[in-house]
Amino acid sequence: MPHRTIRARRLILASAGVTSLALLATACGGSGGGTSAAPKDFKYLSVTENTTTRTALTTLSTTACKAENKTLPLKVETIPQAQLDQKLQLLAGQSALPSMFAAGNAPALTKQLAKGGKVADVQMELERLGVLDQLEPAAVSTIKALYGGKLMALPYEYNIEGFFYNKKLFQENGIAVPGTWDELLVAADKLNAKGIQPFSASGAQGWPLTRLISGYLYRSLGPDALDKVDAGTAKLTDPNYVKAAEEVADLGKKGYFGKGVGSIDYDTAMNQFLTGKSGMFYMGSWALANIADPKQNKVGAENVGFMPFPAVKGGAGSIDQYPSNIGLAVTLGSQNFNTETAAWVSCIAKNFGSTALKDHGTITGFKVNTPVKDTNEVAGTVRKTISGSKQNVLWFEALFSTKATTISNTNAPGLVNGSVSPKQFMETVQSALASQ
């Protein structure tokens, strides 16, 4: 809902809350509408690309949540992420959303579903079950920042973002860990001069490139840089915002992303880094699962380091302000939330954090109630970084509409291959924001 006034946005959210509460009032033992038939299974609609969450849930169904699964069997269905938004809108129109589902690709869709009473009041339900304290406060804060102050999702992932780097390549080429943007450029230039691709990135997805724009904006303009755009007090076309796009475009102009970045998908970009073909990879901490997998990671987990997005000289931001997210958010359908569903959610809240960390090396927003040893040094570094992070920020498209998010991701490859100028890129995205 960018570019509506803050007051208007609050009225919309308030309206959404009233609608949700009206539906909740009809619930029988939970948030579900009283006219819905009791679910026969605990259905989870996931995206094909995310294997960790559904695997961990499957593990719980045979271990800690075995009793809950016997009463209401876990049933996982998947769909490609690119088709998720359309699928959710179709199911919502049919009043057929499952008990739990991957939320839309942008928070705007989940807000829309909540406004229509399709999403359970997650905070109320967790409080009622006595398990709200099983969520890490930082994760709750991040979710509320995404969803207008409301807890609309569960933190099956809790990620901070930064640069993973190849320690061996850095050492062999005399590169110290960059603390500033200028030092990052020097490091990239040294790698490039030795025939090593400085950065891996997926242009096919787009967002791995736009994350660099927001990273620069947060360091140069401060943690409220994109809040101001959302509130309408700043525009992406302002010179100091275009500057961020110029810096990222320059990385592409210098060839730092290698050839054909626009057609490189996520898995290929990951593979480039984990096979030593690139020196740095800006990504979220969900990549720890890939790093911990020796079948994927040919450089060795011991040779992977993690550093924050560097400081910009004279900038208003700080390197301890980490972009954070909960991965592809997962929320609860209101119509199927009954006693049996609630039992599943309670069990998940108490056990998912430990299971995901132990089995997959994945950091979540749930508390780890069973001590788990870090899978490797970089995982320990990320966990310590999360616990010591003083302030979190969001990402480039976090507050964008679905339309603006799609336009941003679609045009990002052109920014780094030179077919779209930085000014054109920001104008195109700003225009999409203004049209909402």
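Everything that follows concerns the structure shown earlier in this document.
Residues numbered from 1 in each chain as written. Predicted model: local features only at pLDDT ≥ 70, side-chain atom pairs only at ≥ 80, totals over all residues. Heavy atoms only, no water.

Caption draft 1: Looking closely at the nonpolar core. Met100, Phe164, Leu236 and Met280 are the most contacted members of the largest nonpolar core, which has 138 residues in total. It is helix α15 (residues 339–360) that contributes the most residues to this core, nine residues altogether. The contact partners of Leu236, leaving out residues within four places of it in the chain, are Leu226, Val229, Tyr241, Val242, Phe396, Phe400, Met426, Val429, Gln430 and Leu433. (Core = buried A, V, L, I, M, F, W, Y, C linked by side-chain atoms within 4.5 Å. Buried < 20%, exposed > 50% of the residue type's maximum accessible area, 1.4 Å probe, protein only. Helix = DSSP H or I, 4+ residues; strand = E, 2+ residues; numbered from the N terminus. Contact = heavy atoms within 4.5 Å.)

Caption draft 2: Fine view of the state of the cysteines. Taken as a whole, this structure holds one disulfide when the rule is applied. Each disulfide pairs two cysteine sulfurs, and for Cys65 the partner residue is Cys347, the sulfurs being separated by 2.1 Å. Here the disulfide of Cys65 and Cys347 is left-handed, its torsion about the S-S bond being about -100°. With Cys65 in the loop between α2 (52–62) and α3 (66–71) and Cys347 in helix α15, this pair connects stretches of sequence that are 282 residues apart. The class of Cys65 is buried, set by a relative accessible area of 0%. (Disulfide = S-S within 2.5 Å.)

Caption draft 3: Up close: the environment of Phe281. Looking at the secondary structure, you find Phe281 in strand β6 (residues 278–284). On the basis of relative accessibility, which here comes to 1%, the residue Phe281 falls in the buried class. Each C-alpha atom, one on Phe281 and one on Tyr165, is 6.4 Å from the other, the two residues being 116 residues apart in sequence.

Caption draft 4: Geometry of empty space enclosed by the protein. If you walk through the whole model with that rule in mind, you get four cavities of 30 Å³ or more. In this model, the largest cavity occupies a volume close to 60 Å³. In terms of lining residues, the largest cavity is bounded by Tyr44, Ser46, Val47, Asn50, Thr53, Ala102, Tyr156, Glu157, Ile326, Leu328 and Val330. Of the residues forming the lining of the largest cavity, the biggest block, three residues, is contributed by strand β1 (residues 42–47). Within the lining of the largest cavity, the residues separate by chemical class into seven nonpolar, three polar and one charged. (1 Å grid on protein atoms, 1.4 Å probe; cavity = no way out; pocket = protein on both sides within 12 Å on 5 of 7 lines; lining within 4 Å. Points joined across faces, edges and corners; volume = space filled by probe spheres on them. Nonpolar A, V, L, I, M, F, W, Y, C, P; charged D, E, K, R; others polar.)

Caption draft 5: Structural view of the side chain of Glu161. Along the chain, Glu161 falls in strand β4 (residues 159–166). Within polar-contact distance, the side chain of Glu161 engages the side chain of Arg211 at 2.8 Å. A polar atom in the side chain of Glu161 sits 3.1 Å from the side chain of Asn325. Filtering out sequence-adjacent residues up to four positions away, Glu161 remains in contact with Arg211, Tyr282, Met283, Gly284, Trp286, Phe306, Tyr322, Pro323 and Asn325. (Polar contact = N/O pair within 3.5 Å; in protein donor to acceptor, adjacent residues only side chain to side chain.)

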